[in-house]
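As a plain string of letters, each chain reads:
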Amino acid sequence: MGSLLEQLKQEFKEFYPEAGSPRVFFAPGRVNLIGEHTDYTGGFVMPMALDLGITMLTAPRKDGVFRLRSKSFEQPVEFSIEDLKDDSKADKKDTWGNYPKGVVIELLKLGAPVTGADILYSSNLPTGAGLSSSAAIGMATAFGLAEVAEFEVSKQELAFLCQRMENNFIGVKSGIMDQFAVGLSKENHAIFLDCTSIEYEYVPFELEDHKVVITNTAKKRGLNESRYNERREEAEEALKQIAEMKPNVKSYRDLSLDDLSLINALRYPYRERARHIVTENHRVLEAKAALEQGNLTQFGQLMLASHRSLSLDYEVTGKELDTLFQVQLEAGCYKTRMTGAGFGGCTVSLVKEDEIDQFIEYVRANYKERTGLDPEFYIAKGSGGVREIGEED
Ligand code: GLA
């Protein structure tokens, strides 16, 4: 990190010559290993944080003004506390700046003594690829501003704060998984989270001779947000219909695989959406046990089943993710699935270290031939959650 950090500090000084020396914070991206589209109905998830993420340099101001710059986007963003209202909504012209702006609104609502800041962000996380770049910028900002203001708040509360920002300010009805993973992950561990009780457990993620390979479909994002919200509504409607047949059902967590025959009585798409959620929750529990027993073969089978369920029942894959999945199977990888919200974005695969080159070569050529797109590959390392970075890093 050393010289890169020095360079960033230099750039910060050039952008904000009158500011004091900045403090530096890092929020990782995340990859979800299993448990997809289960968080917003109170299910189980098992993500891990990445070593890729967003670095934020910040120095406080006293005049209520926030000046933001990002190395990934040309446009600077500026706003003042005076202009913010509790119920403001994201403004298109603020583009990426909406995330920090929404965070400031939520921090003020909690009574945090933030009084303005000069901020520079630098990211090595692909944006809009399903690796939680929005949770990362949200959590970096929330944690960094709270630390600088000496505002006492737990990382868990900050995760919920950032979720409220996404839900209310940005307008995406996302669950808690991303912010939680970005906030509370631990190095070399996956984090198993029960999204009903918010109890969590660190699961050692030991892969022996395998590595986590993330492949980006390179599909441009389309109308993902509205389709995401639509899935959430369908899932809620399906639950309502199930409760009409079985009145003691209050949540998906009251359902088990034994209830699949009941679910099969619903019509499309409710039957399919509910079937995915119930089977996926079950798969997360099995995957956790497989990981604890070091049974990667079984873990891989569960990943395949998860992908197929997300493709056929939840219908969030689309041509690119399904083609990528197929090509990866052909490359001999049987531990792979889509990850994140879907509709493009990435797959996550466990690949034997000495087979990675071959895997990448086959997937690159064949995916390109079938879709015309150039996939990107990242060998992921697990990382801890949001944190301050000192001189020694
Ligand atoms: C997005 C959301 C999460 C979760 C996933 C799908 O990443 O932000 O809350 O719902 O999609 O599992």
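Structure: above.
Residues numbered from 1 in each chain as written. Predicted model: local features only at pLDDT ≥ 70, side-chain atom pairs only at ≥ 80, totals over all residues. Heavy atoms only, no water.

Draft legend 1. Region of interest: the sheet that holds strand β9 (residues 336-339). Taken in spatial order, the four strands of this open sheet run β9-β10-β8-β11, and their pairing is antiparallel. Every other strand in the sheet has two partners, leaving β9 and β11 (376-380) as the edge strands with one partner each. Neighbouring strand axes in the sheet, compared pairwise and without regard to direction, differ in orientation by 30° on average. Pairing analysis gives five bridges linking strand β8 (residues 210-216) to β11, with the strands arranged antiparallel. Each bridged residue has a counterpart across the sheet, and for I214 the counterpart in β11 is Y378. Along the sheet, helix α9 (residues 296-312) contacts β8, β9 and β10 (346-352); its crossing angle with β9, the most-contacted strand, is approximately 45°. (Pairing = 2+ DSSP bridges. Helix = DSSP H or I, 4+ residues; strand = E, 2+ residues; numbered from the N terminus. Axes fitted to C-alpha atoms, helices over the stretch in contact; angles between N-to-C directions. Contact = heavy atoms within 4.5 Å.)

Draft legend 2. Spatial organisation of helix α3 (residues 133-148). Given a rise of 1.5 Å per residue, 16 residues ought to cover 22 Å, and the 22 Å separating the end C-alpha atoms of α3 matches this to within 8%. Immediately downstream of α3, the backbone of E150 shows phi near 55°, a positive value. (Expected span 1.5 Å × (residues − 1).)

Draft legend 3. Geometry of the environment of G116. By secondary structure assignment, the location of G116 is in the loop between α2 (98-109) and β5 (117-123). Here the alpha-carbon distance between G116 and I191, two residues 75 residues apart in the chain, equals 34 Å. Excluding residues within four positions of it along the chain, G116 makes contact with P60, R61, G64, V65, F66 and I81.

Draft legend 4. Quick peek at the packing of aromatic side chains. One pass over the structure, following the stated rule, counts 10 aromatic pairs. Residues F25 and F143 carry aromatic rings whose centres are separated by 5.9 Å and whose planes lie at 85° to one another, so their mutual orientation is edge-to-face. Of this pair, F25 sits in strand β1 (residues 23-34) while F143 sits in helix α3, and the two are 118 residues apart along the sequence. Just as F25 is buried, F143 falls in that class too. Ring geometry for F180 against Y200: centres 5.2 Å apart, planes inclined by 70°, an arrangement best described as edge-to-face. Of this pair, F180 sits in helix α5 (residues 177-184) while Y200 sits in strand β7 (residues 200-204), and the two are 20 residues apart along the sequence. An aromatic cluster is defined as three or more aromatic residues linked by ring pairs; in this entry it consists of F12, F15 and Y16. (Phe/Tyr/Trp six-rings, centres within 6.5 Å; stacked < 30°, edge-to-face > 60°. Buried < 20%, exposed > 50% of the residue type's maximum accessible area, 1.4 Å probe, protein only.)

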